[in-house]
Each structure stands twice: as C-alpha cells, then as structure tokens.
Amino acid sequence: MSKYTVTPVDEAIHFGKDEIIVSKTDLKGRLLYANDVFCRVAEMTTSEVIGKPHSIIRHPDMPRTIFKLLWETIQNGEEIFAFVKNMSKTGKYYWVIAHVTPSFDQQGQIIGYHSNRRRPSDLGIAQISGIYDQLLSEELKHTNSKQGLIAGENLLHSMLKEKSQTYSQFVWSIGE
Ligand SMILES: Cc1cc2nc3c(=O)[nH]c(=O)nc-3n(C[C@H](O)[C@H](O)[C@H](O)COP(=O)(O)O)c2cc1C
C-alpha cells in the first residue's frame, strides 16, 4: 500500500477533541513510532507503519509548498505549526493541526523529529482549505515541478506578507 495506489474518497475519519496523534521519525522522515490514535485514524497497524516514510499518509490535496516549508523549518532546528490533510489506508481524509519539532542529542545535534497533532476547528479547516486549494492550483499551473514549487512558495509568501504573519502564526490564529 502507498500514497500512489490508494484512491482518495470524500469521507472524513473522525477523532476526538481530547485525542493526540503522535509520531516520531528518523532524520529522513521514516516512522520510528506511532501511537494508537495514529494507527486507528490512519487505518493501519503498527507493523504497517513502522519503518515507512511519513508520506504513507500524504493526501494528494496537500500542496508541496507546505511540506517544503515544514522540512526547511525543522531541519533548521526550529518548530512549526501546520495544518495537514492526511489520508487513511482506505482513502478517507482527516485534517490535523500539527506541532512538528526536531529532537536533539546532548551535543545539540538533530537526531530525529516528533509530531503531535490535534483536531482543528471546523472554521480553521474551512479557512485553510481555501488557501491550500489556491496553493495547489498554483503549483499545478506549471508543467515543470520545480517551477510549480517556486510559484507555490511565492504565493504563500505574498499571502502571509499581506497578513504580516509567519505561517506558524497564521496557523495559530485560525487553529483553535
Ligand atoms: C515529524 C514529521 C511529521 C510529519 N507528518 C506528516 C503528516 O502528518 N502527513 C504528511 O503527509 N506528511 C508528514 N510529514 C512530511 C513527510 O515527511 C513528507 O514530506 C510529505 O508527506 C510529502 O511527501 P512527498 O514529498 O513524498 O510527497 C511529516 C514529516 C515529519 C518529519
């Protein structure tokens, strides 16, 4: 099973307001740990998940621009808050608001990454969906995928400049 063989279906998977979806990865984003809520919502067993790239739950509606920003931020040793639409094994979707952080050793070297996710508000989902739709269609306007990513980043920067917010600040402002 992989993100390329599952067809997305327009059906949400629900999880509770008091539940937290947790995962830990190595430096390449391969899953080292996933809690029970992660597995239940992703409709996968622990053994289906461990050792796989985090992109096994990638939803095709997600703009690449957001993952580029996520990776640049955490590889730089910083934390990020992000809205992510994920996809379960049967193609259902679930939105999360994720806090993604690097984990450090005693020498301050990054040794992996960690993410805690909660359920966002319906209003937050409605707001971010519109923005992600715009980013994705901007990316897809370009046949050259590199150019598409640059165009997506430019659009995101101009949206955030208008709001005088960083991406994480914007996520916080609409997240609750
Ligand atoms: C700690 C951590 C958590 C992540 N969480 C998610 C996630 O919930 N959903 C997701 O699609 N990608 C997540 N990613 C990003 C993936 O590694 C990957 O960049 C993304 O799915 C895009 O994959 P692709 O470039 O192969 O299309 C996470 C990465 C890290 C390091």
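Residues numbered from 1 in each chain as written. Predicted model: local features only at pLDDT ≥ 70, side-chain atom pairs only at ≥ 80, totals over all residues. Heavy atoms only, no water.

Undergrad: Now, about the nonpolar core: what can you tell me, with residues and values included?
TA: One finds Ile-21, Phe-38, Phe-83, Tyr-94, Tyr-132 and Tyr-167 to be the most contacted residues of the largest nonpolar core, which totals 42 residues. Counting only elements with at least two residues in this core, the list comes to strand E2 (31-34), helix H1 (36-42), helix H3 (64-75), strand E3 (80-87), strand E4 (93-104), helix H4 (122-140), helix H5 (145-163) and helix H6 (167-175). No other element matches E4, which puts six residues into this core. Filtering out sequence-adjacent residues up to four positions away, Tyr-94 remains in contact with Ile-13, Phe-15, Ile-21, Val-41, Ala-42, Ile-57, Val-84, Lys-85, Asn-86, Met-87 and Ser-88. (Core = buried A, V, L, I, M, F, W, Y, C linked by side-chain atoms within 4.5 Å. Buried < 20%, exposed > 50% of the residue type's maximum accessible area, 1.4 Å probe, protein only. Helix = DSSP H or I, 4+ residues; strand = E, 2+ residues; numbered from the N terminus. Contact = heavy atoms within 4.5 Å.)

Undergrad: For the side chain of Glu-19, give the residues involved together with the corresponding values.
TA: By secondary structure assignment, the location of Glu-19 is in the segment before strand E1 (21-25). Polar side-chain contacts of Glu-19 include one of 2.8 Å to the backbone nitrogen of Gly-16. Within polar-contact distance, the side chain of Glu-19 engages the side chain of Arg-40 at 2.8 Å. The residues contacting Glu-19, other than those within four sequence positions of it, are Val-37, Arg-40, Arg-117 and Arg-118. (Polar contact = N/O pair within 3.5 Å; in protein donor to acceptor, adjacent residues only side chain to side chain.)

Undergrad: Which residues make up the pairing of E3, and what values do they have?
TA: With respect to burial, E3 is a largely interior element, eight of its eight residues being buried. A two-sided burial pattern is seen for E3, the buried positions comprising Ile-80, Ala-82, Val-84 and Asn-86 on one face and Phe-81, Phe-83, Lys-85 and Met-87 on the other. Pairing of E3 with E4, which is carried by eight bridges, proceeds in the antiparallel orientation. Each residue of the ladder has a partner; that of Phe-81, found in E4, is His-99. The hairpin turn running from E3 into E4, its antiparallel successor, is five residues long, and Gly-91 in that turn takes a positive phi close to 95°. (Pairing = 2+ DSSP bridges.)

Undergrad: I'd like to hear about the sheet that holds strand E5 (residues 110-118), residue by residue, with values.
TA: Pairing in this open sheet of five strands is antiparallel, and the strands run E2-E1-E5-E4-E3 from one edge to the other. Lying at the two open borders of the sheet, with one neighbouring strand each, are E2 and E3. Sheet twist, expressed as the average angle between the axes of neighbouring strands with direction ignored, equals 30°. Judged from the eight bridges that link them, E4 and E5 form a sheet pairing that is antiparallel. Bridge pairing links Val-100 to Ser-115 in E5. Where H3 meets the sheet, it contacts E3, E4 and E5, and its direction lies at approximately 135° from that of E3. (Axes fitted to C-alpha atoms, helices over the stretch in contact; angles between N-to-C directions.)

Undergrad: Run through the pattern of salt bridges, naming residues and quoting values.
TA: Scanning the model with the defined rule gives nine salt bridges in all. Measuring nitrogen to oxygen at the nearest pair gives 3.9 Å for the salt bridge that ties Lys-92 to Glu-11. Within this pair, whereas Lys-92 is found in the loop between E3 and E4, its partner Glu-11 is found in the segment before E1, the two being separated by 81 residues in sequence. The shortest N-O distance in the salt bridge between Asp-26 and Arg-30 comes to 2.9 Å. Given a relative accessible area of 16%, Asp-26 falls into the buried group. Looking at Arg-30, the relative accessible area reads 38%, which means it is partly exposed. Residues joined by salt bridges that share partners form a network here, namely Glu-11, Glu-43 and Lys-92. (Salt bridge = Lys/Arg side-chain N within 4 Å of Asp/Glu carboxyl O.)

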